[in-house]
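Descriptive structure summary
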Amino acid sequence: MQRLLEWFHGITPREQRLVLIGTAVAAGLLLLGILLPFDRHVARLEQRVQTRQADLAWLQSVAPQLGALRTTAPAASRASLVVLVDRVARETGIARALTSQSNGDGALSVRVEQISFDALLNWAGVLVQRHGVRVISASIEAGNNPGLVSASFLLALP
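Note that this is a predicted model, so its numbers are computed, not measured.

1. So, the packing of helix α3 (residues 81-92) against helix α4 (residues 117-131)
- Where α3 meets α4, the closest approach of the two axes is 9 Å, and the angle between their N-to-C directions is 130°. Judged by the inter-axis angle, α3 sits oblique to α4. Viewed along their axes, α3 and α4 form a crossing whose handedness is right-handed. Across the interface between the two elements, L84, V85, R87, V88, A89 and T92 from α3 touch N122, W123, V126, L127 and H131 from α4.
- Broken down by class, the residue content of the contact of α3 with α4 amounts to seven nonpolar, three polar and one charged.

Here you go:
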């Protein structure tokens, strides 16, 4: 440090001012180079916090509705899946077109032939919404006549 001071005192006053101004500018640029990215990062983090707070406020506002939906969710039926599918098919009027085969893993393969698309959706909707049946897979093909379809389902209890 002593050598640096000796060097500084050994140069002309004009050069001393130039060195001081250059040092101040370099220090300022160094600070800006560090502070600007840091400030931008802090601003992004503050924006994320505001977004998360808005999300939290929205979730808290809809929490009562979600709780109400949870209490009205369909309860698992105590009947076997085969009996349940057959009963709903009779209730919705598609029993004549339905065939089913039980898989060993608790799932049920169901095939319906040449029924109205609306009747098919009604049957599937009742199974899912009222009885909590899960549709693992579904395949629907257009039938020979307009509005009629054939479909295959793989169903399981929740």
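2. Quick look at the pattern of salt bridges
- This structure, assessed with the given rule, holds three salt bridges.
- One salt bridge connects R111 with E113, and the closest N-O pair in it is separated by 2.6 Å.
- What makes R111 partly exposed here is its relative accessible area of 24%.
- One salt bridge in this structure joins R111 and E141, with 3.2 Å as the shortest N-O distance. Of this pair, R111 sits in strand β2 (residues 108-116) while E141 sits in strand β3 (residues 134-142); the two residues are 30 residues apart in sequence, bridging distant segments of the chain.
- A residue is classified by how much of its surface remains accessible, and E141, at 30% relative accessible area, is partly exposed.
- Taken together, the shared-partner salt bridges connect R111, E113 and E141 into one network.

3. Some points on the pairing of β3
- Strand direction decides the pairing type here: β3 and strand β4 (residues 148-156), joined by eight bridges, are antiparallel. Paired with I140 across the strands is A151, a residue of β4.
- Linkage of β3 to β4, two consecutive antiparallel strands, is achieved through a turn of five residues, within which G147 is found at a positive phi near 90°.

4. Examining a nonpolar patch on the surface
- A cluster of nonpolar side chains, I21, V25, L29, L32 and L36, forms an exposed patch at the surface whose accessible area comes to about 480 Å².
- Positionally, L36 belongs in helix α2 (residues 13-71).
- Looking at L36, the relative accessible area reads 41%, which means it is partly exposed.

Rules behind the numbers
Residues numbered from 1 in each chain as written. Predicted model: local features only at pLDDT ≥ 70, side-chain atom pairs only at ≥ 80, totals over all residues. Heavy atoms only, no water. Axes fitted to C-alpha atoms, helices over the stretch in contact; angles between N-to-C directions. Helix = DSSP H or I, 4+ residues; strand = E, 2+ residues; numbered from the N terminus. Parallel < 35°, antiparallel > 145°, perpendicular 65-115°, else oblique. Left-handed = near helix turned anticlockwise from the far one by under 90°. Contact = heavy atoms within 4.5 Å. Nonpolar A, V, L, I, M, F, W, Y, C, P; charged D, E, K, R; others polar. Salt bridge = Lys/Arg side-chain N within 4 Å of Asp/Glu carboxyl O. Buried < 20%, exposed > 50% of the residue type's maximum accessible area, 1.4 Å probe, protein only. Pairing = 2+ DSSP bridges. Patch = residues over 30% accessible without salt bridge, like charges linked within 9 Å, V, L, I, M, F, W, Y side chains within 5 Å. Areas by Shrake-Rupley, 256 points an atom, 1.4 Å probe, with all protein chains shown as cover.

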